[in-house]
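Topology and contacts: notes
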Amino acid sequence: MRILLLGGTTEASQMATCFAANDMDVVFSYAGRTTAPIAQPLPTRIGGFGGVDGLATYLKSQKITHVVDATHPFAAGMSRNAHAACTNAAVPLIRLERPAWQVGIGDNWTLLPDIEAIPRALPDAPSRIFLAIGKQQIGLFATQPQHHYLLRLVDQPAAALPLTDTKVVVARGPFDVAGDAALMRDHQITHVVAKNSGGQGAQAKLEAARMLGLPVLMAQRPVLPGDSIASTADEVMGWLGHEADRGV
Ligand SMILES: NC(=O)c1ccc[n+]([C@@H]2O[C@H](COP(=O)([O-])OP(=O)(O)OC[C@H]3O[C@@H](n4cnc5c(N)ncnc54)[C@H](OP(=O)(O)O)[C@@H]3O)[C@@H](O)[C@H]2O)c1
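Residues numbered from 1 in each chain as written. Predicted model: local features only at pLDDT ≥ 70, side-chain atom pairs only at ≥ 80, totals over all residues. Heavy atoms only, no water.

Regarding its fold elements, the protein chain presents 6 helices and 12 strands. Here the C-alpha radius of gyration of the protein chain, 19 Å, is about what a compact globule of 248 residues would show, namely 18 Å. With respect to the three principal axes, the spread of C-alpha positions in the protein chain is 55 × 35 × 30 Å. Within the protein chain, buried positions represent 44% of all 248 residues. If you take every contact in the protein chain between residues at least 6 apart in sequence, the share linking residues at least 24 apart comes to 64%. Here the protein chain has roughly 12000 Å² of accessible surface; of this, 52% comes from carbon and sulfur atoms. For the protein chain, the separation between the mean place of its 20 positive charges and that of its 21 negative charges on side chains is 6 Å. (Helix = DSSP H or I, 4+ residues; strand = E, 2+ residues; numbered from the N terminus. Rg over C-alpha atoms; globule rule 2.2 N^0.38 Å. Buried < 20%, exposed > 50% of the residue type's maximum accessible area, 1.4 Å probe, protein only. Contact = heavy atoms within 4.5 Å. Areas by Shrake-Rupley, 256 points an atom, 1.4 Å probe, with all protein chains shown as cover. Lys, Arg positive; Asp, Glu negative; His and termini not counted. Charge placed at Lys NZ, Arg CZ, Asp CG, Glu CD.)

Structure, rendered in structure tokens:
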């Protein structure tokens, strides 16, 4: 058994720890989006495969027998490519996916089908927006230049931002509720924009928004192909037919 683990999430790192603790033959794969990716206890490759065909070639050349897709729920391109390449190459694939966040009592969420729908759902009046969506899609908000945008990014931006009125905070999660509430208060935030990523590390902003009575505009997840879905590393180990020594 030789596994390809597609990473870039906390769950992928937990899965890597579990695989390493069980002495399994696994290659960890990063897209290469951040300048200092978290080191993994597994052989690691960085960079795209070159689409579906590139990934199919990689699976064959590396004699990969199983693929675990632990990419972010919004990394739809990679998940769709993995599904297509694994189907073509007859390599079993499972997606390790954290459950989506659920709206709770006291929340003021507006659910939008995707991130593209959010800019036009913002108010017309100049507002102060905590844009907690990473860096890749902030350009969508250039159509609403009347707002001030607070951006929290993993790396300092290397190039000019597509938004004019911004404040960048460089930080890597996990975040806590007290810290996120203080951040929102200090920046006089009026609205929070988020993607329904799920997981613990980024949930604090939602609890902070609830505490402060702030509205949240929440993008729903893309629909992804594939029937094998696990929500824990143990479930993946079961799917692989392996008893887990979790190593954590
Ligand atoms: N999207 C988010 O909100 C988000 C948030 C946190 C972390 N991440 C992580 O950041 C990475 C990129 O996310 P994205 O939204 O840009 O992905 P994406 O749009 O689904 O992927 C675009 C391309 O990036 C390459 N790629 C993505 N993940 C890869 C991986 N783990 N290993 C090797 N190549 C990978 C693939 O290139 P080729 O076609 O050349 O193979 C893929 O087609 C993912 O690993 C994801 O887990 C994403």
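Back to the write-up after that little detour.
On to the site of the ligand. The full set close to the ligand counts 22 residues, and Gly7, Ser29, Phe49, Met78 and Lys195 are the nearest of them. Here glycine 7 contributes a backbone N or O atom positioned 2.8 Å from an oxygen atom of the ligand. Note that an oxygen atom of the ligand is positioned 2.9 Å from one of the backbone N or O atoms of histidine 72. Considering the ligand on its own, with 810 Å² of exposed area, one finds that the protein chains cover 78% of that surface. Where the shell around the ligand is concerned, the elements lending two or more residues are β2 (26-30) and α3 (76-89). Top contributing element to the shell around the ligand by residue count: α3, with 4 residues. Partitioned by chemical class, the residues of the shell around the ligand number 7 nonpolar, 12 polar and 3 charged. (Near = heavy atom within 4 Å. Polar contact = N/O pair within 3.5 Å; in protein donor to acceptor, adjacent residues only side chain to side chain. Nonpolar A, V, L, I, M, F, W, Y, C, P; charged D, E, K, R; others polar.)

Our focus in this paragraph is the sheet that holds strand β12 (residues 229-230). Strand order across the open sheet formed by 6 strands is β3-β2-β1-β4-β5-β12, with parallel pairing between neighbours. On the outer flanks of this sheet lie β3 (44-46) and β12, each paired with one strand and no other. One ladder, built from 4 bridges, connects strand β1 (residues 3-6) with strand β4 (residues 66-69); its direction is parallel. Directly across from leucine 6, in β4, lies its bridge partner aspartate 69. Across the sheet, helix α1 (residues 10-21) is in contact with β1, β2, β4 and β5 (93-96); its angle to β1 comes to roughly 155 degrees. Sitting on the sheet, α3 is in contact with β1, β4 and β5, with an inclination near 160 degrees to β5. (Pairing = 2+ DSSP bridges. Axes fitted to C-alpha atoms, helices over the stretch in contact; angles between N-to-C directions.)

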